[in-house]
Every structure is written in structure tokens, then in C-alpha cells.
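Here's the letter readout for the chains.
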Amino acid sequence: MPATAVIGAQWGDEAKGKITHFLARQATMTVRFNGGPNAGHTVQDAHGTARLHQVPVGALHPGCVGVLAHGVALDIWELRNELLALREQGRPEPVLLLSDRAHLVLPHHRLREEHEGSAARIGTTQRGIGPCYADRAARSGIRLGDLGDVQQIAAHLGGALAQLTPHDAAGRIDPEVVATELVDFRRAFGTHIADTRAAIQSTLDKGLHVLFEGAQGTLLDVDLGTYPFVTSSTTTVHGVGWGSGISAGHIERVIGVAKAYTTRVGEGPMPTEDSSPQGEHLRSVGAEYGATTGRPRRCGWLDLVALRYAHDINAFTELALTKLDVLAGLPEIRVCTGYRVHGTVCERWPSTLDELAAATPVYVSLPGWRDPLSDARTWEELPRAAQDYVRFVEHALSVPVRMVGVGPEAEATIVRPD
Ligand code: GDP
Ligand code: IMO
Ligand code: MG
């Protein structure tokens, strides 16, 4: 069975976690290929609510191996805490495979970010992601597979700390302690640290199903997103090859996950942001607060210009439209179908911040519906206006919407027949 990729189509938090959890029931392996503890993927099932930052969501299913491939920024402290929290919830221990090529998020990365003016301006999650990927590109990072000698690692960390101002670093990080914890972690995980590229390849070669779990969203991509208001990894379907070493030729289904409206957390342009009481309505009904930082998410209407751009990049074979239930009760629902830029209406996503800043959304208004959707489990149970909203989106993008989310619980997912 070929592979499936789950990709965020907007600015992250599209409910990739819930959709991945749903799909992973039929997967042998599930792979995180980008991002690190900046991600926050929520799952609500019989065990309770899990907010996963490092553990792949699919690995909550016994029988599905969770892989953290080399494109992941790996924070071992975060991973350990998360595994502990899952155990406390009474969940089965996830079976993990960690890439020996994965770069480590180290305490000085977080410290560096705390003092970077650019991180504050972007509104990052402050998880050390930018500095970790920067060290990787500068070839001065530490990889999981390279952890051997405590003294050598301590010397490396000491060198990195020496570059911080004394005030930032003073007494806050002990290189020897950190180095010992890293080496202990490597020992504890033993054979679970491996060449994950080869492991994924061999699973695919056996004809077994592999799921690739994207983190963040297309518009946060380091190159194709709203730079510099982006994260530091490749968040699109191209990230699968970038972060796992597997050819994109193996991917048969590319599932774009999009909310039925738009949210963004952090700074940067968001043309359809609505600061009126309607935007506030979306935030309160949709519980739009970050799963990683708890920050309120900025809310607004569905942006088809942005989604069309995401589709062009990822060539989605289908969409999962999530949180449709949140729109219930609104008398009208607005959808952005184009941007007016300097007096001209266009449907193309602008490639520079200046152009984006000049873009004002052109809206169409669709009828709302009154009845809540949370109990619906089949397409037929959705009110006519809700069905029409979904049809409007798929016709505008020429991509079928195969899944519709109507609530945070795992089972609140409607799968449409082909
Ligand atoms: P991710 O980062 O893409 O996995 O998304 P997050 O987990 O950060 O945010 C999605 C939020 O919406 C979580 O709190 C989910 O529990 C919740 N959620 C997921 N699907 C639905 C849905 O269809 N309806 C509603 N109301 N909430 C949902
Ligand atoms: P999931 O996987 C939403 C945003 C941050 C900030 C920018 C850069 O849960 O969808 P970073 O810490 O990565 O350097 O921050 O990217 N951001 C996310 N927004 N969902 C995420 O992940 C995000 N990961 C990073 O808010 O604007
Ligand atoms: Mg999230």
C-alpha cells in the first residue's frame, strides 16, 4: 500500500492531529518529518485529551510505529515529558523509532531565542526551533546519532554557551549536566535510534501503509509561506522528501487539512482576519487558543486564494474540512474568493509581504444554518446549507472534500462516500 501525507493547508492548527489519528488506524508506520515541539496536535479519544508536540499522533494506536525522521527538531526533554503524560493517561506505550540524523533542540537554543528580537517580532513559540535549524544549516548542530562522549558534548555545549552574552547564560545551563542527560537518553532509547530513512523505505517496500504527519501548515513554510513570519522547516508535501529521505513518488494520497474558516497564531499577514464580534465568535466557539503556547489565535473567514495556493503547491488529492460545526448559528458565512490589489481583483497568492499588505479580500456571502452539527455522523445528517458550503469549497478548488470535522472527538468525523 502506498503512502499518505497529511498536510496543513493554512497557518497550522487545522486539526491535523485529529485527522491523522483517524487515518492511522490503518497504518503500519506514521512519520513526523518536520518541525519539533513548536507543533501541538490534539487528539480526544477514550483515554482523554492528548496534546502531542513530539510523539507522532498515529503512534497512539498500538501496532503503528511512530517515527521521528531526520527533518524533525528533536527536544528529548519534551519527548520524555510527553511519554510520561501519555503513561499517566493509561495509554499503551507508543513504539518509537528516532532518526540518528535528527538534530537536537538544546537548552541554549531556547535561551538564544528568548533574546532574539526577530523571534519576538515573529511571535514564535519560543521552543528553540529557529536556532536549532540555523545550527543545522550552519553545520554546527548536534545530531542524535552523534551522542557518544559526555566530555566532547559538554565541550561543544560550552562553546555554544560562550557565544551567548554572560547575562543570558549565567548559571542557567550546566554543559556537563546537559551532556550527561543526552548520553543517558541515547542509551535508554538504544536500538530505537536508527537510520529511519532505511526503516521507512523497507516498510514501503513490503507494501505496508505509511502515513506522513505534517506539522505546521503550508503558509508557515520557510520558503513558500509569509516569510519572515514563518517557521524554519519545509511544511508542505515537499517536506516529506526533505525530512524523511523518501521519494515523493511513494505518496498516493495527499490530504490537505483546512479549517472551515481561517486562524493564525503569531504575527504576520492574514488577509481575512476579522477583529469584529464575528471573529470573536469563531475564537470562543472554536476554542481557538494555541495547543503549544495557549495564545489566542487570530480568527477570520475562509480564504480561497490561500487555499488555492496551498493546493497548487501540494497537489492535494482530497481535503479534510475541519471544525465545520463552529460555523453553526451564524446568519451568513463569508468566503474570500479573490484579493483586490491596487484596484485590480486577482486570485493569485502574492509572493511578497508588500503585495500581501496591499491585498484586501473580496468576499461572497453564503447562507448559514442554525442547527448544531456535533451529533452528525453521516453526510446526509448535515443541514442543506452546511452541505452547500462544503460543495462551494470543493468546486472552487476542484478538489473533493472527503472528510468533514464536526467536533473535537475522534469519532466526530464524517467520511463522505466516493
Ligand atoms: P493541529 O495542530 O492541526 O493538530 O490542530 P490543533 O490540535 O492545534 O488545533 C485543533 C483544535 O480543534 C484542537 O483543540 C482539536 O481538539 C479541535 N478540533 C479538531 N477537529 C475539530 C472539529 O471538527 N470541530 C471542533 N469544534 N473542534 C475540533
Ligand atoms: P501545528 O503543527 C500554528 C507559528 C508560530 C510563529 C511561527 C514561527 O500545531 O499546526 P516557531 O516557533 O516555529 O519558530 O514559530 O510559526 N507556528 C505555528 N502556528 N501551529 C503550529 O504547529 C505552529 N508552529 C509554529 O506561532 O508564528
Ligand atoms: Mg496545533
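Residues numbered from 1 in each chain as written. Chains lettered and ligands numbered in written order. Predicted model: local features only at pLDDT ≥ 70, side-chain atom pairs only at ≥ 80, totals over all residues. Heavy atoms only, no water.

## Here we look at the packing of helix α2 (residues 76-88) against helix α8 (residues 175-189)
Operational definition: Angular values range over 0 to 180 degrees, each being the angle between N-to-C directions of two axes fitted as lines to C-alpha atoms, with helices fitted over their stretch in contact. A helix here means a DSSP run of H or I that spans at least four residues, while a strand means a run of E at least two residues long, and both kinds are numbered starting from the N terminus. Between 65 and 115 degrees an angle is taken as roughly perpendicular, under 35 as roughly parallel, over 145 as roughly antiparallel, and anywhere else as oblique. Throughout, a crossing is termed right-handed when the near helix is turned clockwise from the far one, and left-handed when it is turned anticlockwise from it by less than a right angle. Working rule for contacts: check all heavy atoms of both residues, and any pair within 4.5 Å makes them a contact. Under the grouping applied here, Gly and all other residues not named as nonpolar or charged are polar, the nonpolar ones being Ala, Val, Leu, Ile, Met, Phe, Trp, Tyr, Cys and Pro and the charged ones Asp, Glu, Lys and Arg.
Across the interface, α2 lies against α8 with an axial gap of 11 Å and an inter-helix angle of 55°. Accordingly, the angle class assigned to the pair α2 and α8 is oblique. Crossing angle aside, the handedness with which α2 passes α8 is left-handed. Residues Ile76, Trp77, Leu79, Arg80 and Leu83 of α2 pack against Val178, Glu181, Leu182, Phe185 and Phe189 of α8. Considering only residue class, the contact of α2 with α8 consists of eight nonpolar, no polar and two charged.

## Some points on the nonpolar core
For clarity, the threshold we go by: As used in this record, nonpolar core signifies buried Ala, Val, Leu, Ile, Met, Phe, Trp, Tyr and Cys residues forming a set joined through side-chain atoms within 4.5 Å. Any residue under 20% of the maximum accessible area for its type is buried, any over 50% is exposed, and the rest in between are partly exposed; the area is computed with a 1.4 Å probe on protein chains only. Note that domain bounds follow an automatic or database assignment of domains.
Grouped together as the largest cluster of nonpolar side chains are 58 residues, with contacts concentrated most on Ile200, Phe212, Leu324, Leu327, Trp369, Leu382 and Tyr389. Sort the elements by how many residues they give to this core and helix α14 (residues 384-397) lands first, with six residues. Looking at which domains feed residues into this core, each of domain 1 (3-99 + 192-254) and domain 3 (259-314 + 324-415) supplies at least three. Beyond its immediate sequence surroundings of up to four residues, Ile200 is in contact with Met29, Val31, Val67, Val210, Phe212, Ser244 and Ile246. Counting 37 residues, the second largest nonpolar core, distinct from the first, contains Ala50, Val55, Ile142 and Leu182.

## As for the packing of helix α6 (residues 150-162) against α8
Viewed as axis vectors pointing N to C, α6 and α8 meet at an angle of 130°, and their least axial separation amounts to 8 Å. Looking at the two axes, α6 sits oblique to α8. Crossing geometry of α6 relative to α8 is assigned as right-handed. Facing Val150, Gln151, Ile153, Ala154, Leu157, Gly158 and Leu161 of α6, the residues of α8 in contact are Pro175, Glu176, Val178, Ala179, Thr180, Leu182 and Val183.

## Quick look at the site of ligand 2
Definition in use: Proximity is defined per residue: if any heavy atom of the residue lies within 4 Å of a molecule or strand, that residue is considered near it. Pairing of N or O atoms within 3.5 Å defines a polar contact, subject to two protein rules: one partner must be a possible hydrogen donor and the other a possible acceptor, and residues neighboring in sequence count only if both atoms are side-chain atoms. Surface exposure here means Shrake-Rupley accessible area, sampled with a 1.4 Å probe, where a residue is shielded only by the protein chains that are shown. Here a cavity is any set of points on a 1 Å grid over the protein atoms alone where a 1.4 Å probe fits but cannot get out, and a pocket is any open set with protein on both sides within 12 Å along at least 5 of 7 lines; a residue lines the site when it has an atom within 4 Å of a point. Each molecule is checked against the cavity or pocket grid, and it sits inside if more than half of its atoms lie within 2 Å of the grid points.
Every one of the 20 residues lining ligand 2 counts as a neighbour, but Asp13, Lys16, His41, Thr125 and Thr231 are closest to it. Contact distances for ligand 2 include 2.8 Å between an oxygen atom and a backbone N or O atom of Gln216. Surface burial for ligand 2 is 98%, taken as the share of its 540 Å² of free accessible area covered by protein chains. Of the pockets mapped on this structure, ligand 2 occupies the largest pocket. A breakdown of the residues in the shell around ligand 2 according to their chemical character gives seven nonpolar, ten polar and three charged.

## Section: the sheet that holds strand β11 (residues 251-259)
Pairing between the strands of a sheet comes from backbone hydrogen bonds, and it takes one of two forms, parallel or antiparallel. Under the convention used in this document: Should DSSP find at least two bridges between two strands, the strands are regarded as paired.
On the basis of which strands lie adjacent, the open sheet formed by ten strands has the order β9-β7-β5-β2-β10-β1-β11-β15-β19-β20 and mixed pairing. Each edge of the sheet is formed by a strand with only one pairing partner; in this case those strands are β9 (193-194) and β20 (413-415). Relative to β11, strand β1 (residues 3-8) runs parallel, the two being bridged by six bridges. When the sheet's bridge partners are listed, Ala3 is paired in β11 with Ile251. Helix-sheet contacts for α14 involve β15 (318-322) and β19 (401-405), and the interaxial angle to β15 is about 145°.

## Concerning the coordination of the magnesium ion (ligand 3)
Convention followed: Each metal site is built from N, O and S donor atoms within 2.8 Å (3.2 Å for Na, K and Ca), and since water is not included, such sites may look incomplete.
Every protein donor of the magnesium ion (ligand 3) is listed here as Asp13 (OD) and Gly40 (O), and their distances to the metal cover 2.0 to 2.2 Å. Within this pair, whereas Asp13 is found in the loop between β1 and α1 (16-23), its partner Gly40 is found in the loop between β2 (29-32) and β3 (41-45), the two being separated by 27 residues in sequence. For Gly40, a relative accessible area of 11% translates into the label buried.

## Concerning the domain arrangement of the protein
This is how the line gets drawn: Once two parts are joined, some of their accessible surface, as seen by a 1.4 Å probe, is lost; buried area is that loss totalled over both. One side-chain nitrogen of Lys or Arg within 4 Å of one carboxyl oxygen of Asp or Glu is enough to make a salt bridge.
Here the protein is described as being made up of domain 1 (3-99 + 192-254), domain 2 (103-188) and domain 3 (259-314 + 324-415). The distance between the C-alpha centroids of domain 2 and domain 3 comes to 38 Å. Between domain 2 and domain 3, the residue contacts involve six residues of the former and five residues of the latter. Around 380 Å² of area is buried between domain 2 and domain 3 when both sides are counted, 46% of it from carbon and sulfur atoms. Its largest share of buried area at the contact with domain 3, domain 2 owes to Gly123, Thr125 and Arg127, together 68% of the area lost on that side. Joining domain 2 to domain 3, the criterion identifies zero salt bridges. Counting the contacts that link domain 2 with domain 3 gives two residue pairs in polar contact (both at pLDDT 80 or more).

## So, the packing of aromatic side chains
The test is simple: Each aromatic pair joins two rings of Phe, Tyr and Trp (for Trp, the six-membered one) with centres within 6.5 Å, and gets the label stacked for planes under 30 degrees apart, edge-to-face for over 60, and tilted for any other angle.
Applying the stated criterion across every chain, the model contains seven aromatic pairs. Aromatic side chains Phe185 and Phe189 sit 4.4 Å apart centroid to centroid with 25° between the ring planes, which places their arrangement in the stacked category. Remark: Phe189 and Phe185 occur in helix α8; sequence separation between them is four residues, near one turn of the helix. As far as the burial class goes, Phe185 and Phe189 line up, both buried.

## Some thoughts on the environment of Gln126
Turning to its location among the elements, Gln126 is positioned in the loop between α4 (117-122) and α5 (129-137). Taking C-alpha positions, Gln126 is 6.4 Å from Arg110, a pair spaced 16 residues apart along the chain. When near neighbours in sequence (up to four residues on either side) are disregarded, Gln126 contacts Arg110, Glu113, Glu114 and Ala119.

## Remarks on the side chain of His109
Within the fold, His109 resides in helix α3 (residues 107-114). Classification of His109 by relative accessible area gives buried; the value is 1%. Once you skip the residues sitting within four places of it in the chain, His109 turns out to touch Leu104, Gly128, Pro131, Cys132 and Asp135.

## Things to note about unusual backbone geometry
Put simply, Tyr227 and Pro228 share a cis peptide bond, and its omega is 5°. You can see Pro228 is positioned in the loop between β10 (210-213) and α10 (238-244). In this structure, Ala287 takes a positive phi of about 50° despite not being glycine. Along the chain, Ala287 falls in the loop between α11 (277-285) and β13 (298-300).

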